[in-house]
Amino acid sequence: MILEQLHKMITNKEYAEATTYMEENTAAIFANDKLDLIYKEINQEEFLSQASDLVLLITAWCAFFNKDNEMVTKVLKRLEGKNFMSVYDTSSYAALYAVTAENLSQEERVFYATKAMQALPQGDTSAYMVNAKLVYEQITGKDQK
């Protein structure tokens, strides 16, 4: 259903609606067994040129899971140095940067992974916190319950 909804909205150039839909259904996007097809659907320049920072980051995470390092790098560079307005943007960017940025020391990776968790409110149970904790655990080997 997610794939079909996104296809319809993007085909009809309903980009604002597609953006809102992605922001409201992030967990379902990543839990979907058709993530590769979702990524192909959303990875369209015209759509992404009008997308929110969060949708760009969702797309970059989809790219990461589809081994499209070029797209991950493109999004990270586009958003580099940006002061995000949303804690979810901040967390998503920091987590993605921690796992994908080249030439980071282990200490720097831990810094960004920690920042991804700390950007979110304490007690947050969103997919963003789950992702931030997973990134932290992968980088440090320490369990974050």
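Everything discussed here concerns the structure shown above.
Residues numbered from 1 in each chain as written. Predicted model: local features only at pLDDT ≥ 70, side-chain atom pairs only at ≥ 80, totals over all residues. Heavy atoms only, no water.

Visitor: I would appreciate a short explanation of unusual backbone geometry in the present structure.
Guide: Peptide bonds are, in most cases, trans, and in most cases residues other than glycine have a negative phi. Positive phi values are uncommon outside glycine, yet K67 reaches one of about 60°. Within the element layout of this structure, K67 appears in the loop between helix 6 (53-65) and helix 7 (69-79). One non-glycine residue, N103, adopts positive backbone phi at about 65°. Tracing the sequence through the fold places N103 in the loop between helix 8 (87-100) and helix 9 (106-118). (Helix = DSSP H or I, 4+ residues; strand = E, 2+ residues; numbered from the N terminus.)

Visitor: Could you clarify how one ought to interpret the nonpolar core in this entry?
Guide: Across soluble globular proteins, nonpolar side chains show a tendency to be buried alongside one another. Residues L6, M22 and F47 are the most contacted members of the largest nonpolar core, which totals 47 residues. Setting aside residues up to four positions removed in sequence, F47 forms contacts with I10, Y15, A18, T19, M22, I42 and V55. (Core = buried A, V, L, I, M, F, W, Y, C linked by side-chain atoms within 4.5 Å. Buried < 20%, exposed > 50% of the residue type's maximum accessible area, 1.4 Å probe, protein only. Contact = heavy atoms within 4.5 Å.)

Visitor: How should helix 7 be read in this particular structure?
Guide: Because the α-helix completes a turn every 3.6 residues, residues three or four places apart line up on one side. Every buried residue belonging to helix 7 is among M71, V72, V75, L76 and L79, and all of these are buried. Down the axis of helix 7, the buried side of the element spans an arc of 135°, and every buried residue falls inside it. In helix 7, the exposed positions angled more than 90 degrees off the buried face are occupied by N69, E70 and K77. Buried positions along helix 7 lie against helix 4 (35-42), helix 5 (45-48), helix 6 and helix 8. (Arc of directions from axis to C-beta.)

Visitor: Any chance you could explain the pattern of salt bridges here in plain terms?
Guide: Two side chains that carry opposite charge are able to pair once their charged atoms sit near each other. Overall, the coordinates contain 3 salt bridges when judged by the stated rule. Between E46 and K13 there is a salt bridge, and its shortest N-O distance comes to 3.0 Å. Separated by 33 residues along the polypeptide, E46 in helix 5 and K13 in the loop between helix 1 (2-11) and helix 2 (15-24) bring together distant segments of the chain. Close ionic contact of D53 with K82 constitutes a salt bridge, the shortest N to O distance being 3.0 Å. Of this pair, D53 sits in helix 6 while K82 sits in the loop between helix 7 and helix 8, placing them 29 residues apart in sequence. (Salt bridge = Lys/Arg side-chain N within 4 Å of Asp/Glu carboxyl O.)

Visitor: I'm lost on the packing of aromatic side chains in this one. Help?
Guide: Centre-to-centre distance and the angle between the planes together describe a pair of aromatic rings. Taken as a whole, this structure holds 10 aromatic pairs when the rule is applied. Between F64 and F65, the aromatic rings sit 5.4 Å apart at their centres with planes inclined by 65°, giving edge-to-face as the arrangement. Look at F84 and Y93: their rings are 5.5 Å apart centre to centre, the planes differ by 50°, and that puts the pair in the tilted class. Residue Y93 is classed as buried on the basis of its relative accessible area of 12%. Connected via pairs of aromatic rings, a cluster forms that spans F84, Y93, Y97, F111 and Y112. (Phe/Tyr/Trp six-rings, centres within 6.5 Å; stacked < 30°, edge-to-face > 60°.)

Visitor: When you look at the packing of helix 8 against helix 10 (residues 127-140) in this model, what are you seeing that I'm missing?
Guide: Contact geometry of helix 8 with helix 10 gives a least axis separation of 10 Å together with a crossing angle of 25°. Classified by the angle between their axes, helix 8 and helix 10 sit roughly parallel to one another. Here helix 8 runs over helix 10; the crossing is left-handed. The segment helix 8 lies against helix 10, with Y88, S91, S92, A95, A98 and V99 engaging Y128, N131, A132, V135 and I139. Here the contact of helix 8 with helix 10 is built from residues that sort into 8 nonpolar, 3 polar and no charged. (Axes fitted to C-alpha atoms, helices over the stretch in contact; angles between N-to-C directions. Parallel < 35°, antiparallel > 145°, perpendicular 65-115°, else oblique. Left-handed = near helix turned anticlockwise from the far one by under 90°. Nonpolar A, V, L, I, M, F, W, Y, C, P; charged D, E, K, R; others polar.)

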